[in-house]
Amino acid sequence: MSLPRTLGDLRRSAFSEDRLGKRRVKDELRENLTARLRTAPDEPVFPGIVGYDDTVVPQIINAILSRHNFILLGLRGQAKSRILRALTTLLDAQMPYLAGCEVHDNPYAPICRRCRDEVTRLGDATAVAYLSPDDRYVEKLATPDVTIADLIGDIDPIKAARGGHELSSELTVHYGLLPRANRGIFAINELPDLAGKIQVGLFNIMQEGDVQIKGYPIRLALDVAMVFSANPEDYTARGKIITPLKDRIGSEIRTHYPATVEEGIAITAQEAWTRRAGNAMHLPNYVQEVIERVAFAAREDKKIDKRSGVSQRLPISAMENVISNAERRAIRNNEKLVVPRISDIYAALPAITGKLELEYEGEMKGADFVGRELIRSAIAKTYDEYFTGANVKQIVQWFDLGGEIQLSDSVAAVEALDNLNKIQGLIEKLGPLGVSENESPEQQVSAAEFILEGLVAHKRVGRSEERVFKAGEKKQEPAREKAYEPEDRPFRQKRQFN
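This structure is a prediction, so every number in the text was calculated from the model and none was measured. (Residues numbered from 1 in each chain as written. Predicted model: local features only at pLDDT ≥ 70, side-chain atom pairs only at ≥ 80, totals over all residues. Heavy atoms only, no water.)

Caption draft 1: Molecular detail of helix α4 (residues 56–65). All buried positions along α4 are accounted for by Val56, Val57, Ile60, Ile61, Ala63 and Ile64. Buried residues of α4, seen end-on, are gathered within an arc of 160° and therefore sit on one face of the element. The inward-facing, buried residues of α4 abut α3 (25–39), β1 (70–73), α5 (80–86) and β11 (251–254). Positive backbone phi, approximately 60°, marks Arg67, located one or two places after α4. (Buried < 20%, exposed > 50% of the residue type's maximum accessible area, 1.4 Å probe, protein only. Helix = DSSP H or I, 4+ residues; strand = E, 2+ residues; numbered from the N terminus. Arc of directions from axis to C-beta. Contact = heavy atoms within 4.5 Å.)

Caption draft 2: Representation of the pattern of salt bridges within the structure. Going through the model one piece at a time under the given rule, you end up with 24 salt bridges. Beyond isolated ion pairs, a larger network of salt bridges with shared partners links Arg19, Arg23, Glu31 and Asp92. (Salt bridge = Lys/Arg side-chain N within 4 Å of Asp/Glu carboxyl O.)

Caption draft 3: Representation of the sheet that holds strand β14 (residues 405–406) in the model. Read from one edge to the other, the open sheet built from 3 strands follows the order β14-β16-β15, with strand pairing classed as antiparallel. Only two strands of the sheet have a single partner each, and these edge strands are β14 and β15 (461–463). With 3 bridges joining them, β15 and strand β16 (residues 468–471) adopt antiparallel strand pairing. Its bridge partner being in β16, Arg463 is matched across the sheet by Phe469. Along the sheet, helix α23 (residues 441–457) contacts β15 and β16; its crossing angle with β15, the most-contacted strand, is approximately 100°. (Pairing = 2+ DSSP bridges. Axes fitted to C-alpha atoms, helices over the stretch in contact; angles between N-to-C directions.)

As structure tokens, this is what we get:
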């Protein structure tokens, strides 16, 4: 369908003055959201946002239906920016504005001097252009060096000189980000980092809906939906949201980390780069679960700062490193199938330690030590999901009788499988993992190593730093007290003499 290109044609189209003349962007978001909830109530409002269907999303829906400016408050890696960017899916596919206008003026109610003069001069022949939803989203990362001129605008003396205008003329204004977001969504990430005096500059636009530039009597009645994100830690660490601004934010919505391992796996599978060109790949479920449980264990560990949080980027980055290590092994050994192992998770420590903010106790032990303990804890919990109550005495006895095996993360699958077959009863226990003796050597080795690592995590089998699996350390039985014999002389404490 061809779109109207002049103001006259626009009046006679679906973009009539009755529909767009007084319709503000918050009304547009509300109308489109209402239509989506009515026509597709079972479909997600924000596709790709996992784990928020019963918590965060309903609160966002309420804020939009209430025509509120709102803030997403949560720790790092909780999809705050992704949610804000997803708001563009609730905007119209095409939005007409006066062609050439810097603030995307409504053709029926222009606010800038240039557009008012243009409509007066040309009338219905005034040219019209269109904005896509992405064009109507403006995002700014708050930093302490942001100025009022960056957000609101300033007088441009060069523009005044070239056009022969007085400095007080509206035609000399260089518009900032807020006016350029007119008739769209303006997002500020990490709001507490914005200097207090700059936050004051947002008051008028949020309450009265207009801005003033550089002290001149220029008022722009902007139409903007304002949304923010912030980290609770920032309130004390780097800055704060000033009270009057918080009072003007309609809704404060708290985000959170995935509530279940399954939700975490879904997010990681969606975000991590797992589909790679080259060899075929099989990603075992238990490897995904271990990686995800590392993040869950870290969020509960006392050695890790709770105020900073553990980002969902940890399992995403770890997953990519795990696959890369498995890919490297397959390339070196000329294997056709890439199958990650538990040893690849230990090789992905650089993707884990950098995401952790350690407390004093953690700093004393070191990031690598803490990371290895988290992996060991995640392996133990995942092992229990598959092998609780399983009889693995035969495997443990093989090691107790002196058996040892080295299983490097770089050894070829065929060679590793030959060694693993020496362990009595090991290959027969792969059933709960969905792996049989008919599967590829890569899959069998990965599953068998998971069982061994699970036994190591439960301290039933030992393993050295060189990845030599051997018998676990036996617990020393407490020394029994000597039985009292009647013929023994009774113990008497010596008398103390001064």
